[in-house]
Amino acid sequence: MKKVFLFLCTALVGIISLNSCLEGSNESSGQAVGVYSAYGSKNFSPVFFSTIGNVYAPNMPNNFTDQKCYYIAYSYSADVPENSAAMVELNGYSTITMTAFVPIADYYLKSSLTDTTIVLDNELPLVSGYEAGGSAYVQNYLFMTHVIKIPANTVLNWDISCNYSTMPTVENDKRYYDLFVRATKTTEGNNTGEVDTSVLNAYYVGSFLQNAAQREMSLLGNSYSAGTSKFTLRINYVSDISEDSKLTWKSATEENLLIYEFLPTTEY
């Protein structure tokens, strides 16, 4: 017999204006983020794993890419036959009409820490590394909204990394699992002045969270059975770059930290 675990996001469910589920009124609409799977449903048909659950749209674009991330707008009707309880159970998804979509840039978490003392080529500081109302966790992807001051049409590349060997970081008797997010400019924007711009990205962090959960369980021993089963994810970002290339690092405030909960189970 061996121990395995599941982990659930308990604080990453607050993307602004997203519906939390598809139940309730007969007609509804909203927005969601998630991951498209070409064969992910119970009957091996396309499905969109999202912040509103597993959904399928008959008008889903043919150019959706398997295992890529998207932001969608949708409408939903509980009255159509496809959304009866029996059909949802049979298919493993609810049916929606997709009214708009935008691809979301995705990045893989680097398992070795990008040097935090050196300015990257064309690196830009962030106004905010993590917006509490603009995050979600779906299918191993952490969706996060950042704020950066840039001219319109600037093209950015993002770097996210961690240091497995040193986690967790212990400060004031609290343990933090740190991620480091950075932005670099790949294409100049319009010469019209800089404005605060929100950028939504998706980061593949599933392995990191599993590793963090395993370490936390090891540190806690049996205490998780008493309800101590949460661990804290901290987002670190460059907030300033001085003229002599000195980096100033900041992290999310205590109120905006991401809290994960893992549930130990037993596998035979």
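Here the structure is shown first, and the text comes after it.
Basis of the calculations
- Each chain carries its own residue numbering, running from 1 in the direction its sequence is written.
- Restriction of local features to residues with pLDDT of at least 70 applies here, the model being predicted, together with a cutoff of 80 or more for giving and counting side-chain atom pairs; totals for whole chains, interfaces and linings are based on all residues.
- Here the side-chain values reflect all heavy atoms present in the structure, with hydrogen atoms and water set aside.
- The way it works is that DSSP assigns letters per residue, a run of H or I at least four long becomes a helix, a run of E at least two long becomes a strand, and they are numbered from the N terminus.
- For the exposure calls, accessible area comes from a 1.4 Å probe over protein chains only, and a residue counts as buried if that area is under 20% of its type's maximum, exposed if over 50%, partly exposed in between.
- Throughout, a contact is declared for two residues whenever any of their heavy atoms are within 4.5 Å.
- Each accessible area is a Shrake-Rupley estimate made with a 1.4 Å probe; only the visible protein chains count as cover when residues are assessed.
- The set of buried Ala, Val, Leu, Ile, Met, Phe, Trp, Tyr and Cys residues whose side-chain atoms join them within 4.5 Å is what this entry labels a nonpolar core.
- Strands qualify as paired when DSSP identifies two bridges or more between them.
- Axis lines are fitted through C-alpha atoms, for helices just across the contact stretch, and the angle between N-to-C directions can take any value from 0 to 180 degrees.

Novice: Teacher, can you tell me more about the overall build of the protein chain here?
Specialist: Tallying secondary structure elements over the protein chain gives two helices and 18 strands in all. Across the 268 residues of the protein chain, 43% fall into the buried class. The long-range fraction of contacts in the protein chain, counting pairs at least 24 apart against all pairs at least 6 apart in sequence, stands at 76%. Surface exposure of the protein chain reaches about 13800 Å², of which carbon and sulfur atoms provide 50%.

Novice: Any chance you could explain the nonpolar core here in plain terms?
Specialist: Core analysis: the biggest nonpolar cluster contains 35 residues, and Trp158, Leu179, Phe208 and Leu233 have the highest contact counts within it. Mapped onto this core, the elements with two or more residues apiece are strand E11 (141–150), strand E12 (155–161), strand E14 (174–187), strand E15 (195–204), helix H2 (206–220) and strand E16 (230–241). In terms of residue count, E14 provides more of this core than any other element does, five residues in total.

Novice: How do you make sense of the sheet that holds E15 when you look at a structure like this?
Specialist: Whether parallel or antiparallel, the strands of a sheet pair through hydrogen bonds between backbone atoms. Taken together, the four strands give an open sheet; going across it, the order is E8-E15-E11-E10, and neighbouring strands pair in mixed fashion. On the outer flanks of this sheet lie strand E8 (106–108) and strand E10 (135–138), each paired with one strand and no other. Neighbouring strand axes in the sheet, compared pairwise and without regard to direction, differ in orientation by 35° on average.

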